[in-house]
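Read off the chains here:
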Number of protein chains: 2
Amino acid sequence: MSDRRRPHTGRRRNEAARRAILDVAVDLLARDDGAPVTIDSLAAAAGVGKQTIYRWWPSKGAVLLEAMAERAGADIAVPDTGTLHGDLEAFLTATFRGAGRRLTASVLRNTMAEAQRDPHAREHMRTFVESRRSVLSGLLGRARDRGEIAVGADLALMVDQVYGVLWYRVLVGHEPLGDAQAAELARALSDQAAARLGGGGR
Amino acid sequence: MSDRRRPHTGRRRNEAARRAILDVAVDLLARDDGAPVTIDSLAAAAGVGKQTIYRWWPSKGAVLLEAMAERAGADIAVPDTGTLHGDLEAFLTATFRGAGRRLTASVLRNTMAEAQRDPHAREHMRTFVESRRSVLSGLLGRARDRGEIAVGADLALMVDQVYGVLWYRVLVGHEPLGDAQAAELARALSDQAAARLGGGGR
DNA sequence: TAGTTGTCGAGACCTTGTGTCTCGACAAGT
DNA sequence: ACTTGTCGAGACACAAGGTCTCGACAACTA
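Just so we're clear, the structure is a prediction, and the values are computed from it rather than from any experiment.

Caption draft 1: Quick peek at the UniProt feature "DNA-binding region" (unreviewed entry) in chain A. Sites flagged by UniProt as "DNA-binding region" (unreviewed entry) map to residues 38-57 of chain A. End C-alpha atoms of residues 38-57 of chain A are separated by 14 Å, and the span's content is 75% helix alongside 0% strand.

Caption draft 2: Structural context of the interface of chain B and chain A. Taken together, the contact between chain B and chain A spans 39 residues of the former and 38 residues of the latter. Looking at the side of chain B facing chain A, the largest losses of area belong to Gln-116, Arg-117 and Tyr-168 of chain B, adding up to 17% of the total buried there. At the boundary of chain B and chain A, one finds 10 salt bridges. With a closest N to O distance of 2.6 Å, Arg-169 of chain A and Asp-160 of chain B form a salt bridge.

Caption draft 3: The pattern of salt bridges, seen in detail. Counted according to the given criterion, the structure contains 37 salt bridges over all chains. Overlapping salt bridges bring together Glu-130, Arg-133 and Asp-160 of chain A together with Arg-169 and Glu-175 of chain B as one network.

Caption draft 4: Quick peek at the relation of the copies chain B and chain A. Mapping chain B onto chain A calls for a screw motion: a turn of 180° about the axis and a shift of 0.0 Å along it, with 0.0 Å RMSD after fitting. One copy is carried onto the other by what is essentially a two-fold rotation axis.

Caption draft 5: Quick look at the side chain of Asp-87 of chain B. All names here are of chain B. Looking at the element boundaries, Asp-87 is found in helix α5 (residues 84-100). Separated by 2.6 Å, the side chain of Asp-87 and the backbone nitrogen of Thr-81 make a polar contact. Setting aside its immediate chain neighbours within four residues, Asp-87 contacts Pro-79, Asp-80, Thr-81, Gly-82, Leu-139 and Arg-146.

Caption draft 6: Fine view of the UniProt feature "domain: HTH tetR-type" (unreviewed entry) in chain A. When the UniProt feature table is mapped onto this chain numbering, "domain: HTH tetR-type" (unreviewed entry) sits at residues 15-75 of chain A. With 70% helix and 0% strand, residues 15-75 of chain A has end C-alpha atoms that lie 23 Å from one another.

Caption draft 7: Seen up close, the nonpolar core. Counting 130 residues, the largest nonpolar core has Leu-140 and Trp-167 of chain A together with Leu-140 and Trp-167 of chain B as the members making the most contacts within it. Those residues in contact with Trp-167 of chain B, other than ones at most four positions away along the chain, are Tyr-168 of chain A together with Leu-108, Met-112, Met-125 and Phe-128 of chain B.

Caption draft 8: Just helix α4 (residues 60-71) of chain B, in detail. All names here are of chain B. The end-to-end C-alpha separation of α4 is 17 Å, in line with the 16 Å expected for 12 residues at 1.5 Å each. Among all positions in α4, only Gly-61, Ala-62, Val-63, Leu-64, Leu-65, Ala-67 and Met-68 are buried. Packed against the buried residues of α4 are α1 (15-30), α2 (39-46), α3 (50-56), α6 (102-117) and α7 (119-145). Following α4 by one or two positions, Gly-73 adopts a phi angle in the positive range, close to 75°.

Caption draft 9: Representation of α2 of chain B. Residues and elements named next belong to chain B. Among the residues making up α2, those that are buried are Ile-39, Leu-42, Ala-43 and Ala-46. All buried residues of α2 lie within an arc of 95° about the axis, which places them on one face of the element. Looking at the buried positions of α2, the neighbouring elements they touch are α1, α3 and α4. Residue Gly-47 follows α2 closely and has a positive phi angle near 65°.

The rules behind the values
- Residues numbered from 1 in each chain as written.
- Chains lettered and ligands numbered in written order.
- Predicted model: local features only at pLDDT ≥ 70, side-chain atom pairs only at ≥ 80, totals over all residues.
- Heavy atoms only, no water.
- UniProt positions renumbered as here; feature names shortened; annotations may be inferred.
- Helix = DSSP H or I, 4+ residues; strand = E, 2+ residues; numbered from the N terminus.
- Contact = heavy atoms within 4.5 Å.
- Buried area = accessible area lost by both parts, 1.4 Å probe.
- Salt bridge = Lys/Arg side-chain N within 4 Å of Asp/Glu carboxyl O.
- Least-squares fit on C-alpha atoms with pLDDT ≥ 70 in both.
- Polar contact = N/O pair within 3.5 Å; in protein donor to acceptor, adjacent residues only side chain to side chain.
- Core = buried A, V, L, I, M, F, W, Y, C linked by side-chain atoms within 4.5 Å.
- Buried < 20%, exposed > 50% of the residue type's maximum accessible area, 1.4 Å probe, protein only.
- Expected span 1.5 Å × (residues − 1).
- Arc of directions from axis to C-beta.

See the structure below:
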């Protein structure tokens, strides 16, 4: 039997096509003209056959989520100012500034909607969200180690107070998302942490 | 000219059909089997022709949003315990308890996704969100009048910390949403308010 | 009571979008 | 040279949103 693992033969995956697909996906998602991103437009804009997309991704949502996750938060540095408030303000400013831009917000809105329908996209979203949360969670953890946050505090909830506000405003669009809001929220969360520390618990 | 406003003639709108459509819409949205609600299934389940739906609503999303908004938050009482923390805990417990139920969460997820695609649904969502926010905003405003929240505090941001956490967890599903989380967030927000009051600003 | 108007359920129909299948061309390996 | 698997292109099947038409009939007017 030649059943043993055969070494790979045949043409390999075209990396240029992969990059073109992911890049074009972000571009199309960023158009906030309301027109949803279709597979046909994606394939056409990337100069690629539809089958090339479905050969490597299980669904449209999976492509969009991978494209989004690759970009979002790529350039958010983890600050180290020495204080909780300083770190929070720096991190939130960079994060809100990124998510608040019209085109980026459009990408986020579209992908979150996609994640509600496509199971593959949903799984990608969970992974992406977890990766972003862990960064902020680490920042808060270090503050707790420095004694700036009570040991019993619910860090996961604090993280969600940040990303909750962000996503909620991105999705509904009832309030802006910029430097002022980042500063205000950073202040609110450090106050919250300080209160729990000093007060003792009520 | 018989150009003057002619009194209405002809058969009137069937109220029973309207109710059946809205009721069935919520039922279908509540199925969290991932299957999206289709117009055909909605019409069939309501025992109604498709045209009857499109005669009264501009799009599928508009129906779904109206059905959701009619239900969500209908039984959330506005508490009056006399303290910010008491009011918050009561309100958040009721709210999180409602949104955290599997079926209700499914409705919220589906409608928020719909609101990202359908402009009519989006408008309904804005209105709905505003109505819910105003209730909580009123609660906070009364606390501020009592001197429990600083005059300069950003009430809108506090409101969004609540609904942000709620929607974020409903949409992503990475953390639960129940009494414990409501209590923790109520505590966090009252601490936040108290810190701003006493501390003065840092 | 007779006539008019507009809604009703039902379903054919058009359009758009997802995902599959097939084709000939060709690139990377043996 | 030969095999294998990817490539772009496009036909295809299928599902869903929304429009149009039909005969039935209910509510109103005269």
